[in-house]
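Close look at the chain arrangement
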Amino acid sequence: MAKGTIGVTTTNIFPVIKKFLYSDHEIFLRELVSNAVDATQKLKTLASAGEFDGKTDDLKVEVKLDKEAGTLTVTDHGIGMTAEEIDKYINQIAFSGAEEFLSKYKDTANVIIGHFGLGFYSAFMVAKKVEIHTLSYQDGAKAVCWSCDGSPEFEMGDCDKAERGTDIILHIDEDEKEFLEQSRIDALLHKYCRFLPVPVVFGKEQEWKNGKYEDTDKDKVINDVEPLWTRKPTDLTDDDYLKFYRAIQPGQEDPLFWIHLNVDFPFTLTGILYFPKIKNNLDIRKDRIQLYCNQVFVTDSVEGVVPEFLMLLQGVIDSPDIPLNVSRSYLQADRNVKKISTYITKKVASRLEEIAKNDAQEFEQKWNDIKIFIEYGMLSDEKFCEQAMKFALLENTDGKFFKLDDYKKLIEGEQTDKDGNLIYLYATDKDAQYTYIKAATDKGYDVLMMNGQLDVPFLGMLEQKNEKSRFVRVDSDVLDRLIVKEDTKQVELTEAEREVATTLFSSQIPVLDKAQFMVDLAPMAATDSPVLITQSEYMRRMKEMSQFQAGMSFYGEMPDYYNLTLNVSHPLVKKLIDDAVAATEAQLKPLNDDLNATNNVIKALRDLDKDGKGVPDDKKQDLSDNEKKAGELREQKTAVISDYAAGQQRIKQLIDIALLGNGLLKGEALDRFLKRSVELL
Ligand code: ADP
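Because the structure is predicted, anything quoted here is derived from the model rather than measured.

What counts and what doesn't
Residues numbered from 1 in each chain as written. Predicted model: local features only at pLDDT ≥ 70, side-chain atom pairs only at ≥ 80, totals over all residues. Heavy atoms only, no water. Salt bridge = Lys/Arg side-chain N within 4 Å of Asp/Glu carboxyl O. Helix = DSSP H or I, 4+ residues; strand = E, 2+ residues; numbered from the N terminus. Buried < 20%, exposed > 50% of the residue type's maximum accessible area, 1.4 Å probe, protein only. 1 Å grid on protein atoms, 1.4 Å probe; cavity = no way out; pocket = protein on both sides within 12 Å on 5 of 7 lines; lining within 4 Å. Points joined across faces, edges and corners; volume = space filled by probe spheres on them. Nonpolar A, V, L, I, M, F, W, Y, C, P; charged D, E, K, R; others polar. Disulfide = S-S within 2.5 Å. Pairing = 2+ DSSP bridges. Axes fitted to C-alpha atoms, helices over the stretch in contact; angles between N-to-C directions. Contact = heavy atoms within 4.5 Å.

Some thoughts on the pattern of salt bridges
Counting across every chain of the model gives 39 salt bridges. A salt bridge links Arg 184 to Glu 26, with the shortest nitrogen-to-oxygen separation between them at 3.4 Å. Here Arg 184 is found in helix α5 (residues 182–192), whereas its partner Glu 26 is found in the loop between α1 (14–21) and α2 (27–48), with 158 residues between them in sequence. Taking the relative accessible area as the measure of exposure, Arg 184 reaches 25% and is therefore partly exposed. Of the charged contacts, one joins Lys 675 and Asp 671 as a salt bridge, the two residues approaching to 2.9 Å between their closest N and O atoms. One end of the pair, Lys 675, and the other, Asp 671, are both in helix α21 (residues 667–680), four residues apart, so they sit about a helical turn from each other. Its relative accessible area of 36% is what places Asp 671 among the partly exposed residues.

Describing empty space enclosed by the protein
Following the criterion strictly, the structure yields one cavity of 30 Å³ or more and no others. In this structure, the largest cavity spans a volume of roughly 60 Å³. If you go around the largest cavity, the residues you meet are Trp 367, Asn 368, Lys 371, Glu 375, Leu 393, Leu 394, Glu 395, Met 449, Met 450, Asp 455 and Phe 458. Take the lining of the largest cavity: its biggest share by element is four residues, from helix α9 (residues 360–380). Grouping the amino acids of the lining of the largest cavity by side-chain chemistry returns six nonpolar, one polar and four charged.

Some details on the state of the cysteines
Scanning the entire structure with this criterion turns up one disulfide. Here Cys 145 pairs with Cys 159 through a disulfide, and the sulfurs are 2.1 Å apart. Between Cys 145 and Cys 159, the S-S dihedral sits near 85°, and the bridge is therefore right-handed. Of this pair, Cys 145 sits in strand β5 (residues 144–148) while Cys 159 sits in the loop between β6 (153–158) and β7 (165–172), and the two are 14 residues apart along the sequence. What makes Cys 145 buried here is its relative accessible area of 9%.

Comments concerning unusual backbone geometry
A positive phi angle, near 50°, is found at Asn 210, a position not held by glycine. Looking at the element boundaries, Asn 210 is found in the loop between β8 (200–209) and β9 (212–221). The residue Lys 468 is not glycine, and still its phi comes out positive at about 55°. Note on placement: Lys 468 falls in the loop between α13 (455–465) and β19 (469–473).

Overview of the sheet that holds strand β12 (residues 289–293)
By way of backbone hydrogen bonds, the strands of a sheet pair with one another, either parallel or antiparallel. Ordered in space as β10-β11-β14-β12-β13, the five strands form an open sheet in which the pairing is mixed. Here the strands that pair on one side only, and so sit at the sheet edges, are β10 (257–263) and β13 (296–299). Taken pair by pair, the neighbouring strands of this sheet meet at an average axis angle of 20°, ignoring direction. As paired strands, β10 and strand β11 (residues 269–275) are joined by seven bridges and run antiparallel to one another. Of the residues in β11, the one forming a bridge with Val 263 is Leu 269.

Quick look at the environment of Lys 218
Within the element layout of this structure, Lys 218 appears in strand β9. By relative accessible area, Lys 218 is classed as exposed at 56%. When the C-alpha atoms of Lys 218 and Gln 206 are compared, they prove to be 8.2 Å apart, with twelve residues separating the residues in sequence. Setting aside chain neighbours within four positions, we find Lys 218 in contact with Lys 204 and Glu 205.

Below you can see the structure in the form of structure tokens.
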């Protein structure tokens with residue numbers, strides 16, 4: 001046998017291969033089986049080009065284990081190699097044979113895997129010695145044997161292999177014994193070779209006989225040579241797609257629908273993406289889409305190849321145009337990958353648009369399952385958003401669905417305010433906000449349901465995209481102030497009456513955890529609720545958004561601020577205020593007189609500060625004494641009103657009813673309310 005040195009520049013590349021080339025040793029099997037499939041495909045290509053006239057339709061690749069000999073063998077019946085070819089493709093390892101072959105058979109050879117670079121040498125990650133026995137398909141070719149024990153020296157010479165094709169024999173390393181286990185190899189073939197285009201045989205089919213499983217004579221083919229994504233969509237039924245889904249995602253609920261991707265320009269890409277049922281759970285698992293290169297499994301970590309929101313989908317993508325053995329950051333910067341990502345996004349959007357158009361009812365039915373995905377896509381991808389504007393739906397509290405444009409037309413008439421702003425009303429909880437929803441619908445307004453996990457950021461985005469439109473929750477203010485039709489009616493109360501009214505109620509609000517209230521007065525209809533609790537849209541949204549954005553957590557820590565709005569047109573409220581004014585008048589009068597006089601003194605003293613240098617030194621004490629006095633007088637006034645209010649069960653009752661209507665009355669406060677209600681009866 002002749003000896004030679006493998007043509008690499010470093011003296012010993014194997015330690016490098018072993019340690020650094022691939023972190024996963026297991027992929028050697030993918031590389032070798034792919035090479036075998038590759039050699040088989042090449043023979044088929046030659047046959048179809050008329051350069052080989054043997055039979056090519058029953059070609060298969062075999063993987064065999066011999067535990068005793070400690071070997072794993074991959075056998076194919078493909079084109080084989082001549083001594084020159086081994087020299088060129090194996091010995092000169094920097095040279096990738098696929099490239100030359102591809103340039104020669106450009107048009108037909110696109111099925112050939114040319115991506116794996118140092119593929120063959122990955123065998124040395126797990127083997128202490130590798131042998132090649134090969135016989136080329138060429139007329140008069142001589143069989144060649146090559147072996148190498150992991151040093152840069154190899155042996156090569158003639159041998160007597162009679163069958164065309166190649167055996168790659170790996171003498172498995174002591175440290176890598178796991179690769180001599182049938183179950184391990186089974187699992188690896190299932191992972192990497194499950195959809196290879198040439199039958200791969202590993203062992204025999206088994207049958208149940210004499211109380212145990214026994215081998216039959218039938219070869220066990222581990223792969224599906226024509227996986228669904230390689231077939232024409234027109235030849236496939238829904239059942240085919242569902243079956244395939246169950247095979248790749250076992251144990252999952254059936255998907256809602258799917259997209260069959262198929263493109264050959266400006267890059268080649270096929271695949272099937274399924275829409276799984278996603279409820280309110282945005283868990284992005286990064287292993288749901290499997291990436292293949294000419295039916296060879298590459299990875300299930302598709303970050304960078306598909307946009308993040310598409311990672312909620314499941315399925316397979318197959319493209320020879322994705323560079324495979326490169327780092328992830330390189331992948332993300334790769335122009336082809338960017339194009340692919342854009343293409344997939346576009347395709348997903350058009351498919352959704354198509355379903356929404358052709359099968360509106362089905363789309364509506366499934367909307368709540370896919371809405372989180374679509375909203376996520378719209379929020380994170382400008383291009384997708386543009387397309388999705390055409391098919392995204394809004395649902396109202398009656399369960400009716402509308403396209404964005406249609407909804408706009410629906411509410412334009414009624415819900416445009418005096419400044420031309422279009423006000424979208426929404427609710428997040430049909431039961432809890434029932435009173436507010438009813439008040440709005442009674443008025444002829446429409447109320448949307450917005451209870452999805454991404455609805456808040458989503459409506460924020462819609463506001464940004466549509467000028468002069470605002471979303472407000474039905475309970476964020478008094479209806480007339482949410483959609484202001486004409487200049488608001490003024491509250492017809494004197495300053496003194498306002499003061500009494502405000503303190504009357506604010507002094508009786510129970511202390512609640514993490515909630516603060518401001519009393520405010522509004523002239524609503526006499527038939528509206530006497531007391532209404534609302535929460536400012538702005539504050540609530542800030543709090544809700546703080547869940548999504550880093551650096552906003554302080555909003556989450558803040559208490560909830562509510563408005564307790566008194567309907568001063570309501571007879572009951574009116575009477576309570578009138579009674580309070582009458583009852584406290586005598587006590588308040590001297591206090592008010594005193595306060596007015598004190599305020600006059602304060603004003604006169606402050607007026608002494610003409611040039612902004614401050615009150616003269618000899619007047620400072622005087623001013624501070626009077627300010628203190630005014631503060632005390634105000635406190636006394638508050639005390640008078642609060643004392644009176646404390647004896648008015650109906651005030652507490654009104655407040656509690658309003659709190660109860662908002663689900664805010666709990667614990668001790670609720671208990672007191674119940675007892676008081678019985679007393680009042
Ligand atoms: P790549 O497959 O990326 O070209 P490899 O190191 O895996 O890199 O293989 C180098 C070359 O060796 C291949 O391009 C091919 O020409 C040849 N080769 C490898 N395995 C086989 C095989 N089983 N049958 C025929 N030729 C093979």
